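Topology and contacts: notes
Letter by letter, the chains look like this.
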Amino acid sequence: METLHTVTEQHAHTTAHGHDGGHHHTETFISKYIFSLDHKTIGKQFLITGMIWAVIGGLFSVLFRIQLGWPDETFPFLERMFGAWYTDGKLNPEAYYSLITMHGTIMVFFVLTASLSGTFANVLIPLQIGARDMASPLMNALSYWFFVISGIIMFASIFLPTGAASAGWTIYPPLSALPQTSPGSGDGMSLWLLAMVLFVVSTLLGGLNYVSTILNMRTKGMSLFKMPLTVWALFFTAIIGILSFPVLVSGVVLLIFDRTLGTSFYLSHIVIGGVPQPYAGGSPILFQHLFWFLGHPEVYIVILPAMGMVSEILAVHARKPIFGYKAMIFSILGITILGFIVWAHHMFMAGINPFLGSVFTFFTLLIAIPSAVKVFNWITTIWKGNLHITPPFIFAVGFVSMFISGGLTGIWLGNSTIDIQLHDTYFVVAHFHIVMGIAAFFGMFAGIYHWFPRMFGRMMNTNLAYIHFAITFVGSYLIFWPMHFQGLAGVPRRYYTNNNFEIFAVFNGMNKVISIAAIIVFFAQFLFLVNFFWSIFKGKKSTQNPWNANTLEWTSPVEGIHGNWHGDIPEVHRWAYDYSRPGNESDFIPQNVPLTDKEKTEADH
Amino acid sequence: MAEVLEIKEHHTAHQLPTPDNGEGGEKSPMNISYGKTMMWYFLLSDAFTFSAFLIAYACLRLGHKWWPNPNDVFNAMPFMGHHKIPMGFVSIMTFILIMSSVFVVRAVQEGHRMNKNGVMYWMFWGILGGAAFLGCQAWEWQHLLAEGMRPFYNVFYEGKDGLTTLWNIHEQGKPMFSPGPVAFGALFFGITGFHGFHVFTGVCLNIWGFFATANGTFEKRGHYEMIEKLGLYWHFVDLVWVFVFLAFYLM
Ligand code: HEM
Ligand SMILES: [Cu+2]
C-alpha cells in the first residue's frame, strides 16, 4: 500500500510536469527553442542573450577608449558608422557619457548578473542536485522573458534623439532626477528606470525559483552538505539578489516620483538658470544609500557564481578534493552577510559623517577575511595536484589571479583615509574592473568551456581557447594595470578628456597603450564566439563524462533530455570531491557511487 | 490506472503536498513545500522594499526641524462635518484591516479541514475587509487632496508656537513655495500609496482564490495550500500597515 502510494504519486508528478523521460512530446521549433520551459534551454537562452549584450557593451567601451586614447584625432569612418554620436569625426561629449553609462549598466546588470546567474543557475542547479527541472518552470521562463523585455527597452533608449541615459551606471540625482540637466536625463533616463524595474522583476522570479529548487528538489541523499560548491554559490547569490534588488526598486520608485510628480525626495535647493526651483527638504545622499545598499551586494551577485564554478573546476582539473569544503561554504555565507553592511564605503567622500566612515571601514576590511579564505583554499586545492591543463582550468586560474590583484586594491580603497585621494579616480576603475569585471568574465569563460559538453553535447576547440586565454589575460592586465598609476596621480574617472590638465599630459602615451590593448582584447573575444558557435554544430562529440568529474550532471544523457534522466534520478552517496582517493582504482568517484564497506566503517569512526 | 489514481487521491487528501521533489528526494530544511518557500522568500524581499521606504521616511523626517503633528492633519471623519476626531478614522481603517486578516486566518483553518464552504465564507469576509480598507484610504486621500495636499505641496505649516496650521488655499491663495515641508506629502502619498497597491493586489488575489475554491480547484488538488499562501501574503500586508501606521500617524 505504502509503496503503491509513492509510485503512483511519482507518476502523477512526472506526467503532470511533462518530465517523464520515456515519453516524447510533439514539440515545435517555437515550443522547443523559443518559449521553452526546459531549464537547459532557458539557460542557453540566457547565455546567448548575454553574449549579444557583451558584444554591445564591449563595443561601447572601444568607442570611448578611442576618444580617451586619441582625444585630438578625428575618425570620419566612425562617424559614418555611428552617425549622430559623432560631429566632425569626433565623439560628442553627450554621447560619451551615454556610452559609459550604457557600458556599465549592460556589463554589470545584463551580462554579469542576469546572464551569468541565469545561465549557470539554470543549467547547473537541477542537474547538479538531481532534479527534473526547476521548482516552477513557468516562472523560470518568465524570468527570461522579463529580462528580454527589459533589454529591449534599454536597447531602444540608445536610439532616442536625446540619447540614452548618461548619468553613469549609478544614476545619482540630481543629474538623473532633473531632465533639464542633460539630454540623457530626459527620455533616456525614463527608459533606463523602467528597464531596471522590469529587470528586478526578472531577477526576483529567477532567484525565488533557484532558492526553492535548491531547498526542495534535491534527490535522495543530496543533503545540503553534499551539494557541489557551485550550487552553494548560486544559492547565496540568489538570496543576495532577493534581498538587495528590492531596495534598488524603492530607490528607483522615489526617483521616478521626483521626475514625474515633482516630489522632492532627492532634491533640495536647486537653482536652474538663476531660477530657484520649488524643491525642498530632499537629500541626494539618501539615494546613494539606497543605491549602494543594492550596489555593493550586487558586486557579490556578480562574483559568487564565478567563485562557485571556479571552486568546482579547480578541483576537477587538479584531480584533488576541494580544500576546505565547509570553509568555502561559510566564507560565502560570511561574504553574503558582511556584503550587506559595507555599502557606505562607496560614499566616504559624499559627505557622510567621518565616524560612520570608520565603522564602514571596519566592516569593509573584515570582508577581506572570507575573501582571503577562499583564495587560500583555491591555491591549496591546486597545490601539488595532478594538473590537467585544459581551457576551463586556465581560465579558473586566471580568475584567481584577477581576484587577488583586484582584491588587494580593495583593501586600499576600504580605508576611508586613503580613499580621500583615490575616490573617483582611475584607481577605482582599475580595482573594480580587475576584481569584478575581468574576474567574473574569466569565471564565466571557465564555466562555459567546462560545461559546454553538457550544454551542447560537443567539445570546444582547445587551441582556439588557449589563444583566447592568452590574449585576454595579458591584454586585461595591460588595460587595467596602468590605470592604478593614473588614479594615484589623481586622474579623475568619467572625464571626456583630460586635455585641459597640463599635468596629465604625461599619460598621453599610456592612454594610447590602454586603448590599443582594449581594442585587441575586444576583437579577441570573437575567437571565443567563433569557437562557441562553430562547436555547437561541428565540435567533436562529447563523451558521457569528458572531464571525469564527480557531479551528477555528468550522469545525465549527453543529448540532454526533458526531465534530465531516463528512469529514476540517481541517488547520491558521497560528496562531490572524491578525487584521487588513495586505494581507489580510478582517480574519481562520482557522487552516485555507493560507499564501499571500508568507507562505511571509516565513516562510523 | 483509474483505481490507482483513486487510491492516490484518497491518500493525499487532508495532507499538504510533499515538500521534496516528489520522487523520494531530500526534504527542505524547514520541511515546507516549494510554493511556501517561494512565498516566504518573496515576503522577505518585499519587507526590504518597505524597509527602504520607511528608512527613507525616517531620514527625511529627521532632516527637518519641524514636522506636522499627525493629530492635526488626520482628524477628519466622513459624515462628521467639521468635528475633529484625531486619529479616529485611521483607527477604524486599521481595525478593518486587522479583522480582515483574522477572517483569512479562519479561511486557512477551514482549508485544513477541507471545508470548501467554510473557506469561501471566510474568504468572502476577508475580501470585503480589504475592499473596505481601500475605500477608506480613497476617502482619506480625497479629503487631503481637497485641502490642497499634493505629493509636491504641503499645506500644513508651522504656525504660531510651532502649532500645525492649515494654509487655506481657497482663501489665502496658493504660494509658489509650499507652506509646510514638502517631503510630508510626498512620503505620505508615496508610502501609503505603495501599501495601498499591495492591498489592492492582495484583494485581487483573494478574489481569485475565492473563485478557485468555488470551482473546486483546491478540493480536487487535495489541499488548500494556495489559500495558505494567499493568507501569508495578506498577513504580511497587514503587518506592513502596522509599521506605516506607526510611522505616519502615531509618531
Ligand atoms: C577585498 C574586498 C574589497 C574591498 C575591501 C573593496 C573596497 C572597495 C571600495 C572602498 C570601493 C569604493 C572606492 C571609491 O569609489 O572610492 C570599491 C569600489 C568598487 N568595488 Fe570593491 N572592494 C572589494 C572587493 C570587490 C569585489 C569582490 C568586487 C566585485 C566583484 C568589487 C567591486 C567594486 C566596484 C564595482 C566598485 C566601484 C563602483 C563604482 O563606483 O562605480 N569590489 N571597492
Ligand atoms: Cu562595495
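Keep in mind the model is a prediction, meaning the values are calculated, not measured. (Residues numbered from 1 in each chain as written. Chains lettered and ligands numbered in written order. Predicted model: local features only at pLDDT ≥ 70, side-chain atom pairs only at ≥ 80, totals over all residues. Heavy atoms only, no water.)

1. Side note on the overall build of chain A
Across its full length, chain A carries 18 helices and four strands. Along the first, second and third principal axes, the C-alpha set of chain A runs to 85 × 55 × 50 Å. Of all 605 residues assigned to chain A, the portion counted as buried reaches 61%. Considering only contacts within chain A whose residues lie at least 6 apart along the sequence, 78% involve residues at least 24 apart. If you average the places of the 28 positive and of the 29 negative side-chain charges in chain A, the two averages end up 6 Å apart. (Helix = DSSP H or I, 4+ residues; strand = E, 2+ residues; numbered from the N terminus. Buried < 20%, exposed > 50% of the residue type's maximum accessible area, 1.4 Å probe, protein only. Contact = heavy atoms within 4.5 Å. Lys, Arg positive; Asp, Glu negative; His and termini not counted. Charge placed at Lys NZ, Arg CZ, Asp CG, Glu CD.)

2. Regarding the coordination of the iron atom of ligand 1
All names here are of chain A. There is one protein donor for the iron atom of ligand 1, namely H431 (NE2), at 2.1 Å. Between the iron atom of ligand 1 and the copper ion (ligand 2), a separation of 4.5 Å is found. The topology assignment puts H431 in helix 15 (residues 426-456). (Donors = N, O, S within 2.8 Å, 3.2 Å for Na, K, Ca; no water.)

3. Section: the site of ligand 1
All names here are of chain A. Looking at ligand 1, there are 23 residues lining it, with W169, D419, H423, H431 and R493 nearest. Within the contact set of ligand 1, an oxygen atom lies 2.6 Å away from a side-chain nitrogen or oxygen of H423. At a separation of 2.9 Å, a nitrogen atom of ligand 1 approaches a polar side-chain atom of H431. Elements with a contribution of two residues or more to the shell around ligand 1: helix 9 (284-318), helix 13 (391-414) and helix 15. (Near = heavy atom within 4 Å. Polar contact = N/O pair within 3.5 Å; in protein donor to acceptor, adjacent residues only side chain to side chain.)

4. Observations concerning helix 13 of chain A
Here helix 13 of chain A is 24 residues long and its end C-alpha atoms lie 34 Å apart, about the 34 Å a rise of 1.5 Å per residue gives. Counting buried positions along helix 13 of chain A yields 17 of 24 residues, so the element is predominantly enclosed. (Expected span 1.5 Å × (residues − 1).)

5. Concerning a nonpolar patch on the surface
Residues and elements named next belong to chain A. A cluster of nonpolar side chains, I379, W383, I404, L408, I411, W412, I418, W481, F485 and L488, forms an exposed patch at the surface whose accessible area comes to about 940 Å². At the level of elements, helix 13 and helix 16 (462-488) are the ones that each hand at least two residues to the nonpolar patch. For the nonpolar patch, the leading source of residues is helix 13, giving four residues. By the element assignment, I404 lies in helix 13. (Patch = residues over 30% accessible without salt bridge, like charges linked within 9 Å, V, L, I, M, F, W, Y side chains within 5 Å. Areas by Shrake-Rupley, 256 points an atom, 1.4 Å probe, with all protein chains shown as cover. Salt bridge = Lys/Arg side-chain N within 4 Å of Asp/Glu carboxyl O.)

6. Looking at the coordination of the copper ion (ligand 2)
Residue and element names in this part refer to chain A. Protein coordination at the copper ion (ligand 2): the donors are H296 (ND1), H345 (NE2) and H346 (NE2), at 1.9 to 2.1 Å from the metal. When the donor residues of the copper ion (ligand 2) are listed from N- to C-terminus, their spacing reads H-x48-H-H. Given the relative accessible area of 5%, H296 is considered buried. Take H345: its relative accessible area is 15%, and that puts it in the buried class.

7. Section: the pattern of salt bridges
A side chain of one charge can pair with a side chain of the opposite charge when the charged atoms of the two come close. The final tally for this structure, using the stated rule, is 12 salt bridges over all chains. Linking E110(B) and R106(B) is a salt bridge whose minimum nitrogen-to-oxygen distance equals 3.0 Å. One end of the pair, E110(B), and the other, R106(B), are both in helix 4 (residues 88-112), four residues apart, so they sit about a helical turn from each other. Residue class for E110(B) comes out buried when judged on its relative accessible area of 7%. With relative accessibility at 25%, the residue R106(B) sits in the partly exposed group. In this structure, R113(B) and E110(B) form a salt bridge, with 2.9 Å as the shortest nitrogen-oxygen distance. Judged by its relative accessible area of 52%, R113(B) is exposed. Residues joined in a network through salt bridges with shared partners are R574(A), D578(A), R581(A) and E599(A).

8. Things to note about the environment of L294(A)
With respect to the helices and strands, the residue L294(A) is situated in helix 9. In contact with L294(A), other than residues within four places in its own chain, are F109(A), S244(A), F245(A) and L248(A).

9. Focus: the nonpolar core
Ranked by size, the top nonpolar core spans 266 residues in total, and within it W85(A), W378(A), F399(A) and F532(A) carry the most contacts. With near-sequence residues (within four places) excluded, F399(A) lies in contact with I303(A), A306(A), M307(A), V310(A), W378(A), A439(A), F442(A) and G443(A). (Core = buried A, V, L, I, M, F, W, Y, C linked by side-chain atoms within 4.5 Å.)

10. Some points on the confidence of the model for chain A
Per-chain confidence: chain A averages 92 in pLDDT, with 95% of residues scoring 70 or above. For the stretch residues 1-24 of chain A, pLDDT sits under 50, and the model shows 31 contacts to residues farther than four places along the chain or on other chains. (pLDDT = per-residue confidence, 0-100.)

11. Notes on the packing of helix 9 of chain A against helix 10 (residues 325-339) of chain A
Residues and elements named next belong to chain A. Between helix 9 and helix 10, whose axes approach to 10 Å, the crossing angle comes to 170 degrees. Taken as axis vectors, helix 9 and helix 10 run roughly antiparallel relative to one another. Residues H296, P297, Y300, L304, M307 and S311 of helix 9 lie in contact with helix 10, whose contacting residues are M328, I332, I335, T336 and G339. Its residues placed into classes, the contact of helix 9 with helix 10 shows seven nonpolar, four polar and no charged. (Axes fitted to C-alpha atoms, helices over the stretch in contact; angles between N-to-C directions. Parallel < 35°, antiparallel > 145°, perpendicular 65-115°, else oblique. Nonpolar A, V, L, I, M, F, W, Y, C, P; charged D, E, K, R; others polar.)

12. Side note on the environment of N386(A)
All names here are of chain A. Checked against the element boundaries, N386 lands in the loop between helix 12 (368-382) and helix 13. Spatially, the C-alpha atoms of N386 and S580 are 9.0 Å apart, while their sequence positions differ by 194 residues. When residues no more than four places from it in sequence are discounted, the contact partners of N386 are H317, A318, R319 and D587.

13. Focus on the state of the cysteines
By the definition in use, this model includes zero disulfides over all chains. Here C136(B) is not disulfide-linked; the sulfur of C204(B) is the nearest cysteine sulfur, at 18 Å. (Disulfide = S-S within 2.5 Å.)

14. Section: unusual backbone geometry
Residues and elements named next belong to chain A. Residue P174 follows P173 across a cis peptide bond; omega there is 5 degrees. Structurally, P174 is set in the loop between helix 6 (137-157) and helix 7 (187-216). You will see that R494, though not glycine, has its phi angle at about 70 degrees, which is positive. Turning to its location among the elements, R494 is positioned in the loop between helix 16 and helix 17 (508-538).

15. What to know about the packing of aromatic side chains
This model, assessed by the stated rule, comprises 94 aromatic pairs over all chains. When the ring of W378(A) is compared with that of F403(A), the centres are 6.3 Å apart and the planes differ by 85 degrees; the resulting orientation is edge-to-face. Residue W378(A) is found in helix 12, and its partner F403(A) is found in helix 13; the two are separated by 25 residues along the sequence. F403(A) carries the same exposure label as W378(A), and that label is buried. When the ring centre of F225(A) is taken as reference, the NZ or CZ atom of K326(A) above it lies at 4.6 Å. Positioned above the aromatic ring of Y153(B), the side-chain terminus of K174(B) is 4.7 Å from the ring centre. (Phe/Tyr/Trp six-rings, centres within 6.5 Å; stacked < 30°, edge-to-face > 60°. Lys NZ or Arg CZ within 6 Å of the ring centre and 35° of its normal.)

16. Regarding the packing of helix 8 (residues 229-260) of chain A against helix 2 (residues 34-62) of chain B
Between helix 8 of chain A and helix 2 of chain B, the shortest axis-to-axis distance is 8 Å and the interhelical angle comes to 35 degrees. The two elements helix 8 of chain A and helix 2 of chain B cross, and the hand of that crossing is right-handed. In contact with F235(A), I239(A), I242(A), L243(A), P246(A), V247(A), S250(A), V253(A) and L254(A) of helix 8 of chain A, helix 2 of chain B contributes Y41(B), L44(B), S45(B), F48(B), T49(B), A52(B), F53(B) and A56(B). Classifying every residue of the contact of helix 8 of chain A with helix 2 of chain B by side-chain character gives 14 nonpolar, three polar and no charged. (Left-handed = near helix turned anticlockwise from the far one by under 90°.)

17. A look at the side chain of K40(A)
Residue and element names in this part refer to chain A. Position of K40 relative to the elements: it lies in helix 3 (residues 39-69). Among the polar contacts made by the side chain of K40, one reaches the side chain of N564 at a distance of 2.6 Å. Those residues in contact with K40 that lie beyond four places of it in its chain are V123, L127, G560, I561 and N564.

18. With respect to the environment of G222(B)
Tracing the backbone shows G222(B) in the loop between helix 8 (217-221) and helix 9 (225-250). The exposure class of G222(B) is buried, given its relative accessible area of 9%.

19. Description of the confidence of the model for chain B
All names here are of chain B. On average, residues of chain B carry a pLDDT of 88, and 92% of them reach 70 or more. Below a pLDDT of 50 lies the segment residues 1-17, which in the model reaches 25 contacts outside its immediate sequence neighbourhood of four places, other chains included. Of the two predicted TM-score estimates for the complex, the pTM is 0.92 and the ipTM is 0.88.

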